[in-house]
Amino acid sequence: TRFYKLADANGNDASVPAQKIPLPTGTPTGGAIPNGRYSLDVPAGPIDFSENRTTVNLIGGYLTESEFASGRIAFAVNVPLVAADRQFNASVPPGTVSGQPPVSSLPPQLQGAVAAVAGAVNKQVQSGVTALNTKNNTDVVGVGDTDLSATWIRHQDRMKVMAGLTLSLPTGKYDPNRGPNPGLGYYTLRPSAAVTYNLNPNHTDTNWDAGVTVGGRVTFGFNTVNKDTNYRSGNFVYLEGGIIKVWGDWGLGLNLSGTQQITNDTGTGAPSDGFRYRNYAAGPFLAYKLPYQDAGINLSFSQNFGSRN
């Protein structure tokens, strides 16, 4: 997966926010200029961002032979191996001093005092940007968060119905002082339900619906508190729909999905606007069933759009 852009709420390139920092000039000027009369106006700065993330999922499972309510239960475990390479370079121009009366009208010794304070604050701002780059501009490799799932599956004529629970365990390492992490640092419970329907199982039929299957899935996510940060990401709903047409051992389809956070983030550092995440994605996929094998290959492409955090 390649992330190539950080965007703001309007879809534009995200930036380091502009700041207006009151200058503590009281002590350096012997009280001649009170604190906050002058401010350091720091303009917004650009962020150059990209990240390549590779995930290898090690999956094992078991499908019961006995039936429960005319369906079988599939148990599965997914252990992801994650490698992330993030390039992050933020920069901020030096700030300028504003306030009344203009600094240029002050006596020389007071001008020097204000300039010294402004210079010190400018250094603090640049140090903060350097720390931000150091935190994010890094590579990580490790085990991600493990998923344990149990899914009830029932086949009835052309329809397949599924309902299940997945528990994501924070087995991946999480470091709050590092940007990319293999793990998220908290538990997530995801109940879900899905249905697929085969419009016409006769692949040799000449009608348009021959070999066409449509499907949909809905998932709710309930997150716990990150023990390392005392921060809780809000709960979310995930919707997915797809359609595929099969010719022999080949299948070509389209997948659509959307994620919307439905409760606010809470805890240490949570913003007042709730920080609600959303993302939409769409893309085609190509499937091939290996000859004489109960296995196949699936190649897919997905483009995210409308993302917000």
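For the structure given in this document, a descriptive report is provided here. Predicted model only: the values in this text are computed from it and were never measured.

For the protein chain, the count of helices and strands is 1 helix and 19 strands. The C-alpha atoms of the protein chain give 27 Å as radius of gyration, which overshoots the globular expectation for 309 residues (19 Å, by more than 25%). The principal-axis extent of the C-alpha atoms belonging to the protein chain is close to 90 × 40 × 30 Å. Within the protein chain, residue pairs in contact and separated by at least 24 positions form 61% of the contacts whose partners lie at least 6 positions apart. Put simply, the protein chain shows about 18300 Å² of open surface, and 58% of that area lies on carbon and sulfur atoms. Measuring between centres, the 23 positive side-chain charges of the protein chain sit 6 Å from its 21 negative side-chain charges.

Once that is clear, we can look at the packing of aromatic side chains. The geometry of an aromatic ring pair is captured by two quantities: the separation of the ring centres and the angle between the planes. Within this structure, the stated rule accounts for 3 aromatic pairs. Between the aromatic rings of Phe-49 and Phe-88, the centroid separation amounts to 6.3 Å while the plane-to-plane angle is 85°, which identifies the pairing as edge-to-face. Taken together, the positions of Phe-49 in strand β5 (residues 45-63) and Phe-88 in strand β6 (residues 72-90) put the pair 39 residues apart, joining distant regions of the chain. Here the two residues Phe-49 and Phe-88 agree in accessibility, since each one is buried.

Moving on to a nonpolar patch on the surface. Judged by side-chain polarity, Val-77, Leu-148, Leu-165, Leu-167, Tyr-187, Leu-189, Phe-220, Phe-222 and Ile-262 come together as a nonpolar surface patch covering roughly 730 Å² of accessible area. For the nonpolar patch, the elements supplying multiple residues, two or more each, are β10 (159-169) and β12 (212-223). Tracing the chain through its elements places Leu-189 in strand β11 (residues 188-198). For Leu-189, a relative accessible area of 37% corresponds to the partly exposed category.

Between its terminal C-alpha atoms helix α1 (residues 108-136) stretches 42 Å, which fits the 42 Å expected from 29 residues at 1.5 Å a residue. Considered for burial, the residues of α1 that qualify are Leu-110, Ala-113, Val-114, Val-117, Ala-118, Val-121, Asn-122, Val-125, Val-129, Asn-133 and Asn-136. Of the surrounding secondary structure, the elements contacted by the buried residues of α1 are β3 (19-22), β4 (39-42), β6 and β7 (96-98).

For Val-125, the position within the fold is in helix α1. Linking Val-125 and Ile-21, residues 104 residues apart in sequence, is a C-alpha distance of 9.8 Å. If we ignore the near neighbours within four places in the chain, the residues touching Val-125 are Gln-19, Ile-21, Val-42 and Val-92.

This next bit is on the sheet that holds β7. Reading across the sheet, the 3 strands line up as β3-β4-β7 and stay open at both edges, with antiparallel pairing between neighbours. The outermost strands of the open sheet, each flanked by one partner alone, are β3 and β7. When strand polarity is set aside, the average angle formed by the axes of neighbouring strands in this sheet is 30°. Where β4 lies against β7, 3 bridges are found, and the strand directions are antiparallel.

Another aspect to go through is the pattern of salt bridges. Here the structure, examined in full by the defined rule, presents 7 salt bridges. Asp-41 is the partner of Lys-20 in a salt bridge, and the nearest nitrogen-oxygen pair spans 3.0 Å. With Lys-20 in strand β3 and Asp-41 in strand β4, the pair connects residues that are 21 residues apart, well separated along the chain. Judged by its relative accessible area of 57%, Lys-20 is exposed. Where Arg-217 meets Glu-240, a salt bridge forms, and the shortest distance between an N and an O atom there is 2.6 Å. Taken together, the positions of Arg-217 in strand β12 and Glu-240 in strand β14 (residues 236-247) put the pair 23 residues apart, joining distant regions of the chain. What you see here is one network of salt bridges that share partners, running through Glu-51, Arg-53 and Arg-86.

Turning to the pairing of β4, a few remarks are in order. Direction of pairing for β3 relative to β4: antiparallel, over a ladder of 4 bridges. Opposite Ile-21, over in β4, you have Leu-40 as the bridge partner.

With respect to the helices and strands, the residue Asn-198 is situated in strand β11. Here Asn-198 falls in the buried class, since its relative accessible area comes to 18%. Within the structure, the side chain of Asn-198 is placed 3.1 Å from the backbone nitrogen of Asn-200, a separation counted as a polar contact. With residues near it in sequence (within four places) discarded, Asn-198 still touches Arg-158, Val-212 and Thr-213.

By the secondary structure assignment, Ala-150 is in strand β9 (residues 146-156). For the pair formed by Ala-150 and Arg-308, sequence separation is 158 residues and the distance between their alpha carbons is 31 Å.

On to the side chain of Asn-235, then. In this fold, Asn-235 is placed in the loop between β13 (231-232) and β14. According to the relative accessible area criterion, Asn-235 is buried, its value standing at 11%. Not counting residues up to four positions away in its chain, the partners in contact with Asn-235 are Gly-221, Phe-222, Asn-223, Gln-261, Ile-262 and Thr-263.

Cut-off values and rules
- Residues numbered from 1 in each chain as written.
- Predicted model: local features only at pLDDT ≥ 70, side-chain atom pairs only at ≥ 80, totals over all residues.
- Heavy atoms only, no water.
- Helix = DSSP H or I, 4+ residues; strand = E, 2+ residues; numbered from the N terminus.
- Rg over C-alpha atoms; globule rule 2.2 N^0.38 Å.
- Contact = heavy atoms within 4.5 Å.
- Areas by Shrake-Rupley, 256 points an atom, 1.4 Å probe, with all protein chains shown as cover.
- Lys, Arg positive; Asp, Glu negative; His and termini not counted.
- Charge placed at Lys NZ, Arg CZ, Asp CG, Glu CD.
- Phe/Tyr/Trp six-rings, centres within 6.5 Å; stacked < 30°, edge-to-face > 60°.
- Buried < 20%, exposed > 50% of the residue type's maximum accessible area, 1.4 Å probe, protein only.
- Patch = residues over 30% accessible without salt bridge, like charges linked within 9 Å, V, L, I, M, F, W, Y side chains within 5 Å.
- Salt bridge = Lys/Arg side-chain N within 4 Å of Asp/Glu carboxyl O.
- Expected span 1.5 Å × (residues − 1).
- Pairing = 2+ DSSP bridges.
- Axes fitted to C-alpha atoms, helices over the stretch in contact; angles between N-to-C directions.
- Polar contact = N/O pair within 3.5 Å; in protein donor to acceptor, adjacent residues only side chain to side chain.

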